[in-house]
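A structural walkthrough
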Amino acid sequence: MKITDIRLGMVKVPLKTPFKTALRTVNEIEDVIVMIETDTGHIGYGEAPATAVITGDIHGSIIEAIRTVIKPKLIGLDISDLNHVTRTIQNCIMKNYSAKAAVEIAVYDLFAQLYKAPLYKMLGGGVPKLTTDLTISVDYIDKMVADSLDAVDRGFETLKVKVGKDIGVDIERVKAIYAAVEGRALIRLDANQGWTAKEAVYALHKLEDAGVRLELVEQPVKALDIDGLKYVTDRVHTPVMADETTFSPREVIDLIKMRAADIINIKLMKTGGISNAIKIADICSFYDMQCMIGCMLETSVSVSAAVHLAVAKSDVITKVDLDGPSLCAFDPVVGSVNFDGADISINDAPGLGIQSIKGLVMLP
Ligand SMILES: C[C@H](N)C(=O)N[C@H](CCC(=O)O)C(=O)O
Ligand SMILES: [Mg+2]
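We now turn to the structure provided with this report. No experiment lies behind these values; they were computed from the predicted model shown. (Residues numbered from 1 in each chain as written. Chains lettered and ligands numbered in written order. Predicted model: local features only at pLDDT ≥ 70, side-chain atom pairs only at ≥ 80, totals over all residues. Heavy atoms only, no water.)

The full set close to ligand 1 counts 17 residues, and Arg24, Thr135, Asn192, Asp321 and Asp323 are the nearest of them. Contact between ligand 1 and aspartate 243: an oxygen atom at 3.1 Å from a side-chain N or O atom of the residue. Note that an oxygen atom of ligand 1 is positioned 3.0 Å from one of the side-chain N or O atoms of lysine 267. Summarising the interface, the protein chains cover 100% of the accessible area of ligand 1, which totals 390 Å² for the free molecule. Split by residue class, the shell around ligand 1 holds five nonpolar, three polar and nine charged. (Near = heavy atom within 4 Å. Polar contact = N/O pair within 3.5 Å; in protein donor to acceptor, adjacent residues only side chain to side chain. Areas by Shrake-Rupley, 256 points an atom, 1.4 Å probe, with all protein chains shown as cover. Nonpolar A, V, L, I, M, F, W, Y, C, P; charged D, E, K, R; others polar.)

The tally for this structure, following the rule as stated, stands at three aromatic pairs. A ring pair is formed by tyrosine 97 and phenylalanine 247, whose centres lie 5.4 Å apart and whose planes are at 65°; its orientation type is edge-to-face. One end of the pair, tyrosine 97, is in helix H4 (residues 97-114); the other, phenylalanine 247, is in the loop between strand S9 (240-242) and helix H10 (249-258), and 150 residues separate them in sequence. Here phenylalanine 247 falls in the buried class, since its relative accessible area comes to 10%. With centroids separated by 5.3 Å and ring planes inclined at 70°, the aromatic side chains of phenylalanine 111 and tyrosine 115 adopt a geometry described as edge-to-face. When the ring centre of tyrosine 231 is taken as origin, the NZ or CZ atom of arginine 235, which lies over that ring, is 3.7 Å away. (Phe/Tyr/Trp six-rings, centres within 6.5 Å; stacked < 30°, edge-to-face > 60°. Helix = DSSP H or I, 4+ residues; strand = E, 2+ residues; numbered from the N terminus. Buried < 20%, exposed > 50% of the residue type's maximum accessible area, 1.4 Å probe, protein only. Lys NZ or Arg CZ within 6 Å of the ring centre and 35° of its normal.)

In this section: the nonpolar core. Formed by 131 residues in total, the largest nonpolar core has its most connected members in Leu189, Ile264, Ile274, Val307 and Leu322. For this core, the leading source of residues is H4, giving 11 residues. If sequence neighbours within four positions are ignored, valine 307 has contacts with Leu130, Leu322, Val337, Phe339, Ile344 and Ile346. (Core = buried A, V, L, I, M, F, W, Y, C linked by side-chain atoms within 4.5 Å. Contact = heavy atoms within 4.5 Å.)

Here we come to the sheet that holds strand S4 (residues 129-131). Strand order across the open sheet formed by three strands is S4-S15-S14, with antiparallel pairing between neighbours. Edge strands, defined here as strands with exactly one partner in the open sheet, are S4 and strand S14 (337-340). The mean inter-strand angle of the sheet, taken between neighbouring strand axes irrespective of direction, is 15°. Helix H13 (residues 300-312) contacts S4, S14 and strand S15 (343-346) of the sheet and is inclined by roughly 100° relative to S14. (Pairing = 2+ DSSP bridges. Axes fitted to C-alpha atoms, helices over the stretch in contact; angles between N-to-C directions.)

This paragraph deals with the environment of valine 11. Within the secondary structure layout, valine 11 lies in strand S1 (residues 3-20). The spacing of valine 11 and cysteine 328 is 317 residues in sequence and 12 Å in space, taken between C-alpha atoms. Each residue touching valine 11, except ones within four places of it in the same chain, is listed here: Ile29, Glu30, Asp31, Ile33, Thr299, Pro332, Ile357 and Lys358.

Spatially, the four strands line up as an open sheet ordered S3-S2-S1-S17, and their pairing is antiparallel. Edge strands, defined here as strands with exactly one partner in the open sheet, are strand S3 (43-48) and strand S17 (361-362). As paired strands, strand S2 (residues 25-38) and S3 are joined by six bridges and run antiparallel to one another. Following the sheet pairing, isoleucine 36 is matched in S3 by glycine 44. Packed onto the sheet, helix H2 (residues 59-74) meets S1, S2 and S3 and runs at close to 155° relative to S1.

Right, dumping it as structure tokens:
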């Protein structure tokens, strides 16, 4: 199975409600779709969101990186040489993680199609079911409480509550949500870099002292403030998770050695795809550290790949934040991963099982 062409398109899906974090507000998903064509007629699908505030990637950079650098290196390569193909993707350009991720996802899709197996089986097998959390956007307290109750009524048992704005209001936000859903849902926080280390310790001590039990707090401080992350990790009982701080396997090793966080959030759009995500999961497994599998604002094209990976690495990926499809007004993908509220399941179609993408607009 040889790569003959790589075509690009755009998919646009409105969100059910605006997605608001300490870093940005977004109303719709607009992502680059990668379609890798082969001499056997098989097509592999991938997707890249433009998350400039986290990965530095924008639509133009994703499209140009794939068109002018990655694609010329891949034409003619044999999908059965998976390691050679993924190394070529990783080594042909620095950074550009989302572009690399989209192409790698399509390559892994084809690799599993080649052997007529669902991707998770090619990655080691597992039980093809997951349960995801749902993100509660940062907003007025009453709105966040109402959104949290609605999510619990819809069957979500874990809520990822966005904070990282005004520290005093953040504490009140979390207390109010905890009081409203106590006993019905687990709460994890994501400050998206919005606090200083001292603010984070202050807020978490206030919440701990008030009896608010949190599953974890994600990325309390700036991405590059590793000392600050360790400062928080050393001082609070609530487990601290690194998200924006860690992209590569090297960064994960450094973080583990410093004991700067308790948990790592693996996202394909930070790792540059599946090959490095596997390395990070294996490093964490070696060091006995838990991981979460996360996503950016992605549709079920690329989130499906994250689902397959998480199923295969469920020994170490014990937490799931794959709510991209749940945030979408509709699922544009006809495919094999079924996103039904909190419940995610995979059937036995080969690869990612993607048959078509509704509303896909191909780029010239
Ligand atoms: C969508 C997911 N639940 C999430 O919250 N991801 C964010 C980043 C999303 C974005 O801004 O596109 C995160 O974990 O920080
Ligand atoms: Mg995060």
